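Reading the structure
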Amino acid sequence: MVETAELIDNEFLRQYEIKIDGHLAKIEYSLQERKIFLTKLIIPEDLKNETFKKDFLALVFNQIEGRNLSVVPTSPEIAKFVRSNRKYKRMLPVGVRI
C-alpha cells in the first residue's frame, strides 16, 4: 500500500505527507540546523494499523537519512518506532537517547 504511494515533503507546512485512497497521513516536523524534530504523527482512522504506520515511518526515515539529517523524535509514537528499529537509532544526534 505505502510502496505505491508518493511521499511528499511539504516544506511550506513542514510535514511529510502520503495520500492513500483519498486519505492523508502526515508527520509534522521542525527543522533546525542539521536536525529534524518529528513532532506529530497523524494517521486517519481508515489507515490506522501497525503495518501502515511502520511502513510510513520507515519511508520517512529513509528519506531523512538520504538528506543526511539527525532525527529527534518528540512524538511518543515515533520514539517507540525508533526504539523497536535499531537501524534508525544511529540517526539520533549525539547524546540523545530514547
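In what follows, the structure referred to is the one given above.
Brief notes about the pairing of strand β1 (residues 7-10)
Alignment of β1 against strand β2 (residues 15-20), held across 4 bridges, turns out to be antiparallel. Residue pairing in the sheet places Asp 9 in a bridge with Tyr 16 of β2. Connecting β1 to the next strand, β2, in antiparallel fashion are 4 residues, including Arg 14 with a positive phi near 55°.

Considerations on the environment of Lys 89
As for its position among the elements, Lys 89 is in helix α3 (residues 86-89). For Lys 89, a relative accessible area of 35% translates into the label partly exposed. Those residues in contact with Lys 89 that sit more than four places away from it in its chain are Val 82 and Arg 83.

Criteria and thresholds
Residues numbered from 1 in each chain as written. Predicted model: local features only at pLDDT ≥ 70, side-chain atom pairs only at ≥ 80, totals over all residues. Heavy atoms only, no water. Pairing = 2+ DSSP bridges. Helix = DSSP H or I, 4+ residues; strand = E, 2+ residues; numbered from the N terminus. Buried < 20%, exposed > 50% of the residue type's maximum accessible area, 1.4 Å probe, protein only. Contact = heavy atoms within 4.5 Å.

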